[in-house]
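# Results of the structural survey
The primary structure of each chain is shown beneath.
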Amino acid sequence: MSFFKRHILLKVLSLNAIAVFVQFILGLISVNIVSVYLGPSGMAFMGNLRNFTSIFKSISIVGLKEGFIKLFIENKEAEQRKKIFSSFLSFFGIITIVCSVIIISFASQWSQLIFQSNQYSHFLILFGLLLPFFTFQSFLAALLNAQQFFKKLIALQLVSSIVIFAFTTYFTIRNQLEGAILILVISDVLLLLCTLYFLRKNEAFHYFNTLKNIDFTYLKSIQKFLLMALVSAIVIPLTSLLIRNVLITDISLDAAGNWEAVNRISGFYMMFFSAGLSMYYLPKLSALNTDDEFKKELGYYFKTLVPLFILVLFSVFVAKNWIIDYVLASKFQMVKSLLIWQLLGDLFKIMTLAFGYQILVKAMVNKYLIIELVFNLLFYFGVLFLLKQFSVKGAVMAYFYANVITFLVVLYFFRKLIYVKKS
């Protein structure tokens, strides 16, 4: 048996590595462009916009990946799968329209919250109008993920990243902040066009032939997923947005920009692992039926993935001076003293995810809600407490402590599984 057949997770990660490596390089260049042409203030505002768009994007497909993939795998017959697809698409289409109306109706207020000015409200109106394109593209990606077409997903990820990078670079250099905002708002349209072109001859489109076969009873089985995903969709980006605004108000716009730069660096390597885990772990854990099977998968996770992640964190820490000096502009030197806390926090986060995916796919609602609320409340109030003594460093310290405590909570939840004695 070949190495990759025995280590499917590594196979997915290795296939994903090329696309993520390209995204990493493009991301570094993008951050450099943003830091030079927009500065810390522009990076802070773009961070707020990403959090805002993330809230409504997540709500518009809330529970889609977890619930749809699970149902699709469990139902093998083609007619059943067509009904599942049609039902989900219709349901989330309605949610998306409602989200679009809310965005457009309160565009001026949203602009004030994000940019501390209502002069960018027209971009938010445009975002509301284009939100259905995001939902449609997400369904195509979820369909491929459910069928475990990893190579096609990764190739699509690679091509779309290059296209969006090219547009982002051009408009940011040409129009500074307004150009960057525009591309972030319309990026999902570009992603959908790439998806449609790339998959134009794929069998995935067969599921659109019978959109009239709608059966909303399928949605009852994902009610728990909807609640869990809705909490994450709102709480996680909202926490980041509130923290960033606290930094802007209590310290400075530049301090918020430096904190956002740390998050962007973290996002590069987290993107590699989270993308691979989403493609591998969600379908894999959905198919597991016993605690012994999960415990075996858990052991593999900590023996294989965690050491690899530690190696990546160490490499980032060693290269931090190069990253900051050559990727970011001179106004981002503050990042050097902030990065270590973010790296340590991410280590505990990736270990928590080993259990988090199981909680998600098995719809352990109470555990999921407790974990999300514990982390985000600790993070937000930790920032408020530590900010007074440690300034902006308090934000990344709060992130570390929140992740450590959340990991301990998860270990407590799974204590019987971890520490069970063999007979």
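Residues numbered from 1 in each chain as written. Predicted model: local features only at pLDDT ≥ 70, side-chain atom pairs only at ≥ 80, totals over all residues. Heavy atoms only, no water.

Along the polypeptide, Ser 100 turns up in helix α5 (residues 78-105). Here Ser 100 falls in the buried class, since its relative accessible area comes to 8%. (Helix = DSSP H or I, 4+ residues; strand = E, 2+ residues; numbered from the N terminus. Buried < 20%, exposed > 50% of the residue type's maximum accessible area, 1.4 Å probe, protein only.)

Right, let's get into the packing of helix α12 (residues 320-327) against helix α13 (residues 335-361). A pair of packed helices is captured by two measures, namely the crossing angle of their axes and the spacing between those axes. It is the contact of α12 with α13, at a shortest axis distance of 10 Å, that shows an interaxial angle of 130°. With respect to α13, the axis of α12 lies oblique. Crossing geometry of α12 relative to α13 is assigned as right-handed. Each of Lys 320, Asn 321, Ile 324 and Asp 325 in α12 lies in contact with α13, whose residues at this interface are Val 335, Lys 336 and Leu 339. When grouped by side-chain class, the residues that make up the contact of α12 with α13 number three nonpolar, one polar and three charged. (Axes fitted to C-alpha atoms, helices over the stretch in contact; angles between N-to-C directions. Parallel < 35°, antiparallel > 145°, perpendicular 65-115°, else oblique. Left-handed = near helix turned anticlockwise from the far one by under 90°. Contact = heavy atoms within 4.5 Å. Nonpolar A, V, L, I, M, F, W, Y, C, P; charged D, E, K, R; others polar.)

On to a nonpolar patch on the surface, then. Together, Phe 314, Phe 317, Val 318, Ile 340 and Leu 344 line one region of the surface with nonpolar side chains, adding up to about 430 Å² of accessible area. When contributions to the nonpolar patch are tallied by element, the ones reaching two or more residues are α11 (291-318) and α13. Top contributing element to the nonpolar patch by residue count: α11, with three residues. Within the fold, Val 318 resides in helix α11. A relative accessible area of 54% places Val 318 in the exposed class. (Patch = residues over 30% accessible without salt bridge, like charges linked within 9 Å, V, L, I, M, F, W, Y side chains within 5 Å. Areas by Shrake-Rupley, 256 points an atom, 1.4 Å probe, with all protein chains shown as cover. Salt bridge = Lys/Arg side-chain N within 4 Å of Asp/Glu carboxyl O.)

Turning our eyes to something else, we now look at the confidence of the model for the protein chain. Per-residue confidence for the protein chain gives a mean pLDDT of 83; residues scoring 70 or more make up 86%. For the protein chain, the element scoring lowest by mean pLDDT is helix α1 (residues 3-6), at 46; helix α15 (residues 393-413) scores highest, at 95. Low pLDDT, under 50, characterises residues 1-7; the predicted model gives this stretch six contacts beyond four residues in sequence or across chains. (pLDDT = per-residue confidence, 0-100.)

Within the largest apolar cluster, 122 residues are counted, with the highest numbers of intra-cluster contacts made by Phe 68, Phe 88, Ile 181, Ile 350 and Phe 379. In this structure, Ile 181 is in contact with Met 46, Leu 49, Phe 115, Tyr 120 and Phe 123, ignoring residues within four places of it in sequence. (Core = buried A, V, L, I, M, F, W, Y, C linked by side-chain atoms within 4.5 Å.)

Note on pairing: side chains with opposite charge can pair once their charged atoms come close. Within the structure shown, the criterion is met by two salt bridges. With a shortest N-O distance of 2.6 Å, Lys 57 and Asp 188 are connected by a salt bridge. Note that Lys 57 is positioned in helix α3 (residues 39-60) and Asp 188 in helix α8 (residues 150-198), a separation of 131 residues in sequence. Asp 188 carries the same exposure label as Lys 57, and that label is buried.

Let us now look at α13. The terminal C-alpha atoms of α13 lie 36 Å apart, and with 27 residues this matches the ideal 39 Å at 1.5 Å per residue to within 8%. Of all the bends in α13, the greatest, near 35°, is centred on Ala 354. Ala 363 sits one or two positions beyond α13 and adopts a positive phi of about 55°. (Expected span 1.5 Å × (residues − 1). Bend = angle between axes of the 7 residues up to and from the residue.)

Next up on the list: the packing of aromatic side chains. Per the counting criterion, the structure on display carries 26 aromatic pairs. On the basis of an interplanar angle of 55° and a centroid distance of 5.9 Å, the ring pair of Trp 341 and Tyr 401 is categorised as tilted. With Trp 341 in helix α13 and Tyr 401 in helix α15, the pair connects residues that are 60 residues apart, well separated along the chain. Classification of Tyr 401 by relative accessible area gives partly exposed; the value is 37%. Taken together through their ring pairs, the aromatic side chains of Phe 294, Tyr 301, Phe 302, Phe 355 and Phe 414 make up a single cluster. Here the basic side chain of Lys 367 rests over the ring of Phe 413, its NZ or CZ set 5.7 Å away from the ring centre. (Phe/Tyr/Trp six-rings, centres within 6.5 Å; stacked < 30°, edge-to-face > 60°. Lys NZ or Arg CZ within 6 Å of the ring centre and 35° of its normal.)

Across residues other than glycine, the phi torsion is negative in most instances, and most of the peptide bonds are trans. Positive phi is not limited to glycine here, since Gln 176 has a value of about 50°. Along the chain, Gln 176 turns up in helix α8. The residue Ser 391 is not glycine, and still its phi comes out positive at about 60°. Checked against the element boundaries, Ser 391 lands in the loop between α14 (365-390) and α15.

Another aspect to go through is the packing of α11 against α13. Contact geometry of α11 with α13 gives a least axis separation of 10 Å together with a crossing angle of 165°. Comparing their axes, α13 and α11 come out roughly antiparallel. Crossing hand, α11 versus α13: right-handed. Contact with α11, carried on its side by Phe 294, Leu 298, Tyr 301, Phe 302, Leu 305, Val 306, Phe 309, Ile 310, Leu 313, Val 316 and Phe 317, involves Leu 339, Ile 340, Leu 343, Asp 346, Leu 347, Ile 350, Met 351, Leu 353, Ala 354, Phe 355 and Gln 358 of α13 and no other residues of that element. Among the residues forming the contact of α11 with α13, the class breakdown is 20 nonpolar, one polar and one charged.

For Ala 256, the position within the fold is in helix α10 (residues 253-287). Between the C-alpha atoms of Ala 256 and Arg 244, which are 12 residues apart in sequence, the distance is 5.7 Å. Apart from residues lying up to four places away in sequence, Ala 256 is in contact with Ala 44, Arg 244, Leu 247 and Ile 248.

Right, let's get into the environment of Lys 82. Along the chain, Lys 82 turns up in helix α5. Taking relative accessible area as the criterion, Lys 82 reaches 18% and is therefore assigned buried.

With respect to the helices and strands, the residue Gly 47 is situated in helix α3. On a C-alpha basis, the gap between Gly 47 and Leu 241 in space is 7.7 Å, while along the polypeptide they are 194 residues apart.

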